[in-house]
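Listed here are the chains, written in short residue letters.
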There are 4 protein chains.
Amino acid sequence: MIIKLKQNITSESAAQIAKKINAIHLTENGTQTLVTSSKVKEINGALDGMIAETFTFENDLQLASANYLPHKRSVEIGGVKIGGDTNNMIMIAGPCSVESEEQIEASAQLMKAMGIKALRGGCFKPRTSPYSFQGLGLEGLKLLAKMREKYGLAIVTEVRDATHVDAVIEYTDVIQVGAKAMYDHGILRACGKARKPVLLKRGFGTTLQEFVQAAEFILSGGNNQVILCERGIRTFENQTRFTLDLCGVAFMKEKTNLPVILDPSHAMGYAYGVPDLTRACVAMGIDGLLIEVHPNPKVAKSDAAQQLNHEEFRLLHKSIQPIATAIGRIFV
Amino acid sequence: MIIKLKQNITSESAAQIAKKINAIHLTENGTQTLVTSSKVKEINGALDGMIAETFTFENDLQLASANYLPHKRSVEIGGVKIGGDTNNMIMIAGPCSVESEEQIEASAQLMKAMGIKALRGGCFKPRTSPYSFQGLGLEGLKLLAKMREKYGLAIVTEVRDATHVDAVIEYTDVIQVGAKAMYDHGILRACGKARKPVLLKRGFGTTLQEFVQAAEFILSGGNNQVILCERGIRTFENQTRFTLDLCGVAFMKEKTNLPVILDPSHAMGYAYGVPDLTRACVAMGIDGLLIEVHPNPKVAKSDAAQQLNHEEFRLLHKSIQPIATAIGRIFV
Amino acid sequence: MIIKLKQNITSESAAQIAKKINAIHLTENGTQTLVTSSKVKEINGALDGMIAETFTFENDLQLASANYLPHKRSVEIGGVKIGGDTNNMIMIAGPCSVESEEQIEASAQLMKAMGIKALRGGCFKPRTSPYSFQGLGLEGLKLLAKMREKYGLAIVTEVRDATHVDAVIEYTDVIQVGAKAMYDHGILRACGKARKPVLLKRGFGTTLQEFVQAAEFILSGGNNQVILCERGIRTFENQTRFTLDLCGVAFMKEKTNLPVILDPSHAMGYAYGVPDLTRACVAMGIDGLLIEVHPNPKVAKSDAAQQLNHEEFRLLHKSIQPIATAIGRIFV
Amino acid sequence: MIIKLKQNITSESAAQIAKKINAIHLTENGTQTLVTSSKVKEINGALDGMIAETFTFENDLQLASANYLPHKRSVEIGGVKIGGDTNNMIMIAGPCSVESEEQIEASAQLMKAMGIKALRGGCFKPRTSPYSFQGLGLEGLKLLAKMREKYGLAIVTEVRDATHVDAVIEYTDVIQVGAKAMYDHGILRACGKARKPVLLKRGFGTTLQEFVQAAEFILSGGNNQVILCERGIRTFENQTRFTLDLCGVAFMKEKTNLPVILDPSHAMGYAYGVPDLTRACVAMGIDGLLIEVHPNPKVAKSDAAQQLNHEEFRLLHKSIQPIATAIGRIFV
């Protein structure tokens, strides 16, 4: 249950009440707001005269619910607003991993030349094998920060586990929470306190309900800049790496108030399918794309098969605008 | 292994050779063709001087493989060619089930008015419960045939099991093999002998490999008019009815030589998501769409939740052309 | 809804009433019984004075429901009763396919020597590739019948599609409906009319609800000798062929009134895991086992990897009795 | 590749070599051991004269592979050895969450009275909703420690994220890594350095390959006391909470050298199925069980539906010994 308190209630009073009724206290659009379990359907007399409005819900999808906010929440990435009252669709692109200054600079130059505003690159790689490349860590974060300064790009990079969440939050512009880390309370709570946008990726074994509830951890922690990112779920089909769940995207658009960004690269796992899938994503009417592109995919230290080369990426990029226009979206 | 024999080899000789080497014999584009298991990688001396060309394959995806035919096979539905050297994308629409003459005529009139060439409607419903509506059977086929005569529409209807496959083949223009029937050898063999296009739906628990191999049954039976239809696979996610596998569509487009038609209605299971999903399908660059639309979805005897009403369908239809144009497709 | 009519109501009257209220009419234990959709929760006045008892249900799992019959239905295979008031667990074993008289006779001799009552062997193989061995067909059925006469074994063989369902019903003692055929209405209806036990295998993409509803087709067709067979479902895991769903077996034991037989061979797909899995199945307290064993698995024409050889099978068989005894089952 | 160095090579030299060839350095049974990516199939001349033995592998399942160690690794829990040359099967039981001193003491007393050696109970609950009970945290750990002192029980409790991994390692006897945390490098690395057994749970969306590779993180970190725990995977079936993957258990037993413990409670999700499933697990020949039991399941603050009450647990416990005996296991 979400309880919006009257404007005359101070933050201190709200915090006290929250404690009393075992609720989470936060401020939404300047209003003192309390959130309890969705099992609570009515509030007893203790709050008489203090309540401006209440919302009840079928399940714990509450702050993220379209039944709570009729419009989509707005998030800003590198000066570009997505969601809210915009029709913007942003491109975030770059290599799977930051591998060297030379490599990430080649990527940054490509973004800059193409007018793309956001550069992605992983520094803490959640590899499944201890014998694979694990990422450059802090050194990688510093390289990304250097690219931001030099090329004016917003930086999107992933937090893998709670041991380095503070470093990632410090260096990045958008905190990406990876598919394998999205249940991590240590990370989700840190994101809740952060004042930067969070790109939350759906786990490949995660239901839509659980996924949006992970976003609730961040929202109820006080950070309302949350973006949902679908990147493929694990199914019985293994000719492709994962199965991009666009039915799920239709659900998120209908039932939540959060912007949605899609990552077709990880879903497909093979470069050959990425362009068609990307265009399908665009036609869904989403808020952004996350595409892996590498100066030389063949020598990439991770996810080599799925990264586009620069030429393939340019061709794809060119084909996106007409589709975006066809459905009334502005491609940034 | 596919063996194309020289032009001077007669059909009778080819049949004899096929028997000798345990191969399937068929005629592809006027050429006597033999197909063995893909485990056969070379052919012994018995065929010396008779072979024009051979193709070997990694697995039993052979006649359907893009490595065999570099271009897509062409199929004609109601005067509209899809695949081949065309860029056509066809709309097939209509109710889940034929329920009455009044209902199917309302659907036929809508198709006619909108310039749509093909009408779908199920007569033998593969319901999972014996206590649900099972379809009108032969009576339904006759109603569809009546609509064809009256409105000049091509008819697409489903065969559920081998007991009525001959009746369906007789009445329909396109033989639809349903998701639950696609392993059925009785049906696949009858389709192989038929001289009508076959719309083969992927089973919801079927791998891409198995799915295309089911198409091989029909192709190797002598019918080269086969269309693959993705309609959603079963995954752990149940907020939506199934999960539309567009990664799989990218695979089919790359690895096979068969036209691909998509059915977003069954995948989503809820009308609210069908328009966005349909647009995503269009942007994939596919050969056709199969959409469920009903004069009054609320009273539909099957799949009520997922059928669009006429107004929703008209709005969706209007939004398709600009996307098709954006990717160079002609929407029919 | 299940309606048991009073004893004075004749079969003819019951049939008339069934027509009037759109119900299925059958005789259960000598009582005229009507079954409607489970959506029907009460019956109007038309049947006043005729009703002995009614049962309502949450969904279309009705005749198969444990809420309808408090005890398990009984089925007889080759003189062995399973289910009902017995604690019997039967072994059904034999090769995947009948390949030759020599091969099936070697299998039959093994069964005979070990005191096993039922021999399995496929004649119509539902292969996914048209270029694989498709089974000996009618010739195979005749070989199985020969083994029955010669060795006194009950025969269990599979129907693949409706084109040969009558032949299978004629020759076999237990009609096995395969995982790929279990939605087939042509087969299910024929089984409903047959007077032989039906071993219904769960499709690998089939929910428990759908699976038990397929049994409802047979039960409501008038054949109450139905056995449920779990043989593995398709999941993301592919180190093993399928995933044996013993949670599902717990569900079937609790919620249905049908005997349950397990097929660990197909689930595992590799002989190395079959013995441990089989012992796990036994400890679940089930009614029977279906195990693939071949005189020489290496040269088997289908499913070579998963079939035990005779020695492995003997060792496994020996280890079963102590577990059966530990849980109070009698192993036949 | 695993490289066992000769006995005369010191740890310091081994560490230097490891750096040079980009390998992980650890001591296995007193031998200096280097592990590289499995892609490395031979080692160049730099190590001439230093190598005692090498092992190559098809994939990064190396230290955990049965091809490396022919016998199972041994782990000690509360004085009970499992794996190794024992046939022991241990019972670990207790409530899902530590809720209060009274509750956990009732559980501890039950274990004590029944001769069970290990008590489980969660303190940091990885709940999917921010509005659910999140566990007692450090206070819970202290209560568990108190039970250990008072009743002489080994404590098994779960680490949820890296922020409290040190606290859990300090208080617990067995570090349980939960299904949602098993990809967490922060946790896996801390476990690698710990000198306590680790019970690693398989993620519900995790392949067997990935799962065993997570164990490789711990093994290659220097801790060889790792236990694999199967607890159900997420499939399309939702009549049960998850699907217990016993085919996967057969794989783990065959292909790895690690003890295996099973958790049927989480897999089933409903108390009614837990006894049968538990007996099936026992018959697989595993090394231990993890069962949820609560003094009063109805009021449990998490997973209420799946916890057995004390009476149900006693009945189950009694039925286990005969099966264990039947397959030659000693139940502790």
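This text follows the structure it describes.
Computed from a prediction, not measured in an experiment: that's the story for all the values here. (Residues numbered from 1 in each chain as written. Chains lettered and ligands numbered in written order. Predicted model: local features only at pLDDT ≥ 70, side-chain atom pairs only at ≥ 80, totals over all residues. Heavy atoms only, no water.)

> I tried to follow the interface of chain C and chain B on my own but got confused; where do I start?
Often, the extent of an interface is quoted as the loss of accessible area on bringing the components together. Chain C puts 37 residues into the contact, and the matching count from chain B is 37 residues. Between chain C and chain B lies a buried interface of about 2,800 Å² when both sides are counted; carbon and sulfur atoms form 58% of it. Among the residues of chain C in contact with chain B, Thr-128, Tyr-131 and His-185 of chain C are the three that bury the most area, contributing 25% of the side total. Our count for the chain C to chain B interface comes out at 2 salt bridges. Among the ionic pairs, Arg-234 of chain B bridges to Glu-210 of chain C, the shortest N-O distance being 2.6 Å. (Contact = heavy atoms within 4.5 Å. Buried area = accessible area lost by both parts, 1.4 Å probe. Salt bridge = Lys/Arg side-chain N within 4 Å of Asp/Glu carboxyl O.)

> What is the right way to read the interface of chain A and chain B from this model?
Between chain A and chain B, the residue contacts involve 40 residues of the former and 40 residues of the latter. Taken together, the two surfaces of chain A and chain B that pack against each other cover about 3,000 Å², and 71% of this comes from carbon and sulfur. Three residues stand out in chain A for area buried against chain B, namely Phe-236, Cys-247 and Tyr-272 of chain A, and they jointly supply 22% of the buried area on that side. On the surface where chain A and chain B come into contact, there are 4 salt bridges. Close ionic contact of Glu-237 of chain B with Arg-202 of chain A constitutes a salt bridge, the shortest N to O distance being 2.9 Å. At the boundary of chain A with chain B, the tally comes to 8 residue pairs in polar contact (both at pLDDT 80 or more). Those elements that provide at least two residues to the side of chain A that touches chain B are α6 (208-220), α7 (246-255), α8 (264-268), α9 (274-283) and α10 (310-326) of chain A. (Polar contact = N/O pair within 3.5 Å; in protein donor to acceptor, adjacent residues only side chain to side chain. Helix = DSSP H or I, 4+ residues; strand = E, 2+ residues; numbered from the N terminus.)

> Quick question: what am I supposed to make of the packing of aromatic side chains here?
Within a pair of aromatic rings, the relevant descriptors are the distance that separates the centres and the angle that separates the planes. Counted by the stated rule, this structure contains 16 aromatic pairs over all chains. Taking 5.0 Å as the distance between ring centres and 90° as the angle between the ring planes, the aromatic pair formed by Phe-55 of chain C and Tyr-68 of chain C counts as edge-to-face. Linking Phe-55 of chain C in strand β4 (residues 51-55) with Tyr-68 of chain C in the loop between β4 and β5 (74-77), this pair joins segments that are 13 residues apart in sequence. The buried category is assigned to Phe-55 of chain C, whose relative accessible area is 15%. Residue Tyr-68 of chain C is classed as buried on the basis of its relative accessible area of 6%. Ring pairs connect the aromatic residues Tyr-183 of chain A together with Phe-204 and Phe-242 of chain D, which therefore count as one cluster. Above the plane of the ring of Phe-242 of chain B lies Arg-231 of chain B, whose end atom (NZ or CZ) is 4.3 Å from the centre. For Arg-234 of chain D, the ring lying beneath its charged end belongs to Phe-236 of chain B, and the centroid distance is 6.0 Å. (Phe/Tyr/Trp six-rings, centres within 6.5 Å; stacked < 30°, edge-to-face > 60°. Buried < 20%, exposed > 50% of the residue type's maximum accessible area, 1.4 Å probe, protein only. Lys NZ or Arg CZ within 6 Å of the ring centre and 35° of its normal.)

> Got a minute to help me understand the sheet that holds strand β4 (residues 51-55) of chain B in this structure?
The strands that make up a sheet are held in pairs by hydrogen bonds between backbone atoms, and each pair lies either parallel or antiparallel. Residue and element names in this part refer to chain B. Here 4 strands make up an open sheet; going across it, the order is β2-β3-β1-β4 and the pairing antiparallel. Each having just a single partner strand, β2 (24-28) and β4 make up the two edges of the open sheet. Adjacent strand axes in the sheet meet at a mean angle of 25° when their direction is disregarded. Here strand β1 (residues 2-5) runs beside strand β3 (residues 31-35); their pairing, made up of 3 bridges, is antiparallel. Of the residues in β3, the one forming a bridge with Ile-2 is Val-35. Along the sheet, helix α1 (residues 11-20) contacts β1, β2 and β3; its crossing angle with β3, the most-contacted strand, is approximately 10°. (Pairing = 2+ DSSP bridges. Axes fitted to C-alpha atoms, helices over the stretch in contact; angles between N-to-C directions.)

> Teacher, can you tell me more about the relation of the copies chain C and chain B here?
Each copy of the chain is related to the other by a rotation around an axis and a translation along that axis. Between chain C and chain B, which share one sequence, the superposing operator has a rotation angle of 180° and an axial displacement of 0.0 Å; the RMSD is 0.0 Å. With respect to symmetry, the two chain copies, as superposed, fit the operation of a two-fold axis. The rotation axis passes nearest to the C-alpha of Gly-205 of chain C in chain C, at a distance of 2.1 Å. A shared binding surface is used by both copies, with 100% of the interface residues of chain C retained as interface residues in chain B. (Least-squares fit on C-alpha atoms with pLDDT ≥ 70 in both.)

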